[in-house]
Structures are given as structure tokens and as C-alpha cells.
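Okay, here's what each chain looks like letter by letter:
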Amino acid sequence: MKRNIFILISLVITTISAQTRKYSNEFLNIGVDAGALGMANAVVATSGDVNSGYWNPAGLTNLKDNQVSFMHAAYFANIANYDYLAFAMPLDEKSAIAVSLIRFGVDDILDTTSLVDADGNIDYTRINLFSAADYAFTLSYSRKLPIEGLSYGANAKVVRRIIGDFASSWGFGFDAALQYKKNKWQFGLMVRDITTTFNAWSIEEFAIGDLNGDGIPDEDQIPQLRDQELPETTEITLPKVQLGAARNFDLGKKFELQTALDMNVRFAETNDIISSSTVSITPAFGFQLDYSKIVYLRGGVGNFQNIQQFDGSDELGFQPNFGVGFQYKGIQVDYALTDIGDQSAAIYSNVFSIKVDWSIFR
């Protein structure tokens, strides 16, 4: 019986993979909160504040009061801006909710599709600016289960993606999560896009052939456009799984060390350090050292990838991160420097975030 179930699951995953794109809505996989990024995102087992709506909604049950969080980061030499805002509140002693908004966008892009007028003259006044931006709105809920230390959570999310006036899409999906605490051990499970996330695109026809900006594709001017077809208008995002384990260590009266290991699983073949035709896995390691819950020092390494070189060989790439934080009377400020020393294909970034607990107003 177990063997038949395994075969059925494998066939379903293989069938879905053949009908979906390997990478979709990737801006939702970057991560939020400088504290978590400083630990290389190895926080699925330990997240227990307003940012749990992203990392593991089951962790929202650890909230003692309302919290709000904001993060800003710039990527690709300040070309792209990444912003995050979230609010969370406990409903009672056993449940909590949160809402969050993510925006990843490139602004002030030059639109030169109408640069040449109907007479073939170049007119720079016809250049316009547009933005390519991705948005995600998430509603999170969590509740403690009768088993001590065990809680569950779920996300409902709406994804909006806009590329100027050329194309736009709406997407919908769900996440599910568990978190368990036992003494100094913590465990977490986060399944993103558990039902898959569906994006439906609306693509304007002039985006592929209207040089004059009059809404009519100019196929007679460029023969190559005659055989050009509109891109696919649907995307399906496959589920992704994050498994995490962490342990706390007391180092004297005022110091505490937290170590964490996450395993990030995709049901597709990628360049991850562990990869097959149906599943790919990459680990992430992180630590956090705090002094009296006031000053924090963080570090981590993750995103282990086999990066192909120009000579065709593969080299192991990884992303080391570093972070610091300061907390005082309900206000916490965190900073993270990602990709120290340019060890991976990514470009290093400086990330700042702030978290405010309502207790500061009481």
C-alpha cells in the first residue's frame, strides 16, 4: 500500500512538473527581515514574531502583543528595490493573525517602443517611463494544537505582477506550516504554494509589434513579427518545502547561542547541491548569539549551487551572510550583509529592517 502511494505521488509530481515552469514568482523566495537574512534564512523552526507570516505562520502563536515590521533592500547596484511591510496581532492565548505586503520592482525603465514616428524619424520626446513590479499580499493565521509545543499556520496570498502597460497578472495560492518546541529544541515545516499558485497573465498585443504606439502591430515594417506569437498567459508555481531544526545553548548568565539548519526542497531539477530529475535540495546553516536579548550577532551560509564555469566545469558556489541587531524597549533594528566576499553568483546587498512591539506604548 505504501509503495503504491509513493508511486502515485511520484507520478503526480512528474506530471505537474511537465506542465509548469521551473521558476515562477521567484521574488517570493528572497526572504524578509534582516535578522533572518543574516542567518542565511535558516529560521523556519525559530521564527516567532510578526515576520513569521512569511517564514512560518505557525510561529505567530508566540506573539505576546501586536507587532509591525518594515524592511527595505536594494539589489543589482540599486536598480531594483525590495520592500516589505507586515502587521501581526494575537487573537487570544491560542491563535494569531498577520497581514503582509511585499513589493519587488524596477522603476523608471525607458520605453522606446514609440521612439520612431510614423515617418521613420527619431523623436526623443516619445520616450516614456514605466515600472516592472511584483506585489504579494498575504493573510496569515496560526493556532496552537492540543499537543504542548505544537502549532500550525496557513497563508492565503494574492500575487499581482505588472510590466508597465505591456502585461499584468493576478495569482492566488496557499501555504501551510507546522512548528514544534521541546525544551531547547525547535522544529519547523513550511510548505509554500501547497496547492500550487496560479498566475493568469494579460498581455497587450501592441507590446510585441506596435512600433508607432497606435495600438496596431506594425507587421509590415518588421517581417519577423509575422510569425511571432504571444507568450504563454498562465503560470503554475510548484510547491516548495522548508524543513528546519534548531537548538538553543546557554553560555553563561547573559549570553545565549542559537544554531539552526534548514533544508530547502524544490520538486524540480536545479543547480542545487543535491539534485535529481524530480527533486532538488540545498541546506542553509545559521547562528545567532545574543547578549541579554539586547545585542545580536548573526551569521550563516546557504544557497549551495553547482555553478557552471566558462570552460564547462562546475564549481560549488555558496552565499555567506552576516548580521547584527539591537533591541531596546520594544524596538528592534537589524542589519544584514548578504553574500560576503562574492562567493556566489549573487551580488551582495545591504539589508535594513525595523520591528516595533506594541508594548512600547503601554
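Quick summary incoming for the structure in this document. (Residues numbered from 1 in each chain as written. Predicted model: local features only at pLDDT ≥ 70, side-chain atom pairs only at ≥ 80, totals over all residues. Heavy atoms only, no water.)

What to know about the packing of aromatic side chains
Within this structure, the stated rule accounts for 11 aromatic pairs. Look at tyrosine 54 and tryptophan 55: their rings are 4.7 Å apart centre to centre, the planes differ by 85°, and that puts the pair in the edge-to-face class. Given the relative accessible area of 3%, tryptophan 55 is considered buried. Here phenylalanine 285 and phenylalanine 304 contribute two aromatic rings whose centre-to-centre distance is 6.3 Å and whose plane-to-plane angle is 85°, an arrangement assigned as edge-to-face. Taken together, the residues phenylalanine 285 in strand E13 (residues 280-291) and phenylalanine 304 in strand E14 (residues 295-308) connect sequence positions 19 residues apart. Assessed through its relative accessible area of 37%, phenylalanine 285 is described here as partly exposed. A residue is classified by how much of its surface remains accessible, and phenylalanine 304, at 12% relative accessible area, is buried. An aromatic cluster of three or more residues is present, and its members are Tyr75, Tyr82 and Phe104. Over the ring of tyrosine 54 we find arginine 192; its NZ or CZ atom is 4.4 Å from the centre of that ring. (Phe/Tyr/Trp six-rings, centres within 6.5 Å; stacked < 30°, edge-to-face > 60°. Buried < 20%, exposed > 50% of the residue type's maximum accessible area, 1.4 Å probe, protein only. Helix = DSSP H or I, 4+ residues; strand = E, 2+ residues; numbered from the N terminus. Lys NZ or Arg CZ within 6 Å of the ring centre and 35° of its normal.)

Quick notes on the pairing of strand E1 (residues 67-75)
Of the two faces of E1, only the one carrying Gln67, Ser69, Met71, Ala73 and Tyr75 is buried; Val68, Phe70, His72 and Ala74 on the other face are not. Pairing between E1 and strand E17 (residues 349-357): 7 bridges, direction antiparallel. Bridge pairing in E17 places alanine 73 opposite valine 351. Hairpin connection of E1 to strand E2 (residues 80-90): 4 residues between the antiparallel strands, including phenylalanine 76 at a positive phi of 55°. (Pairing = 2+ DSSP bridges.)

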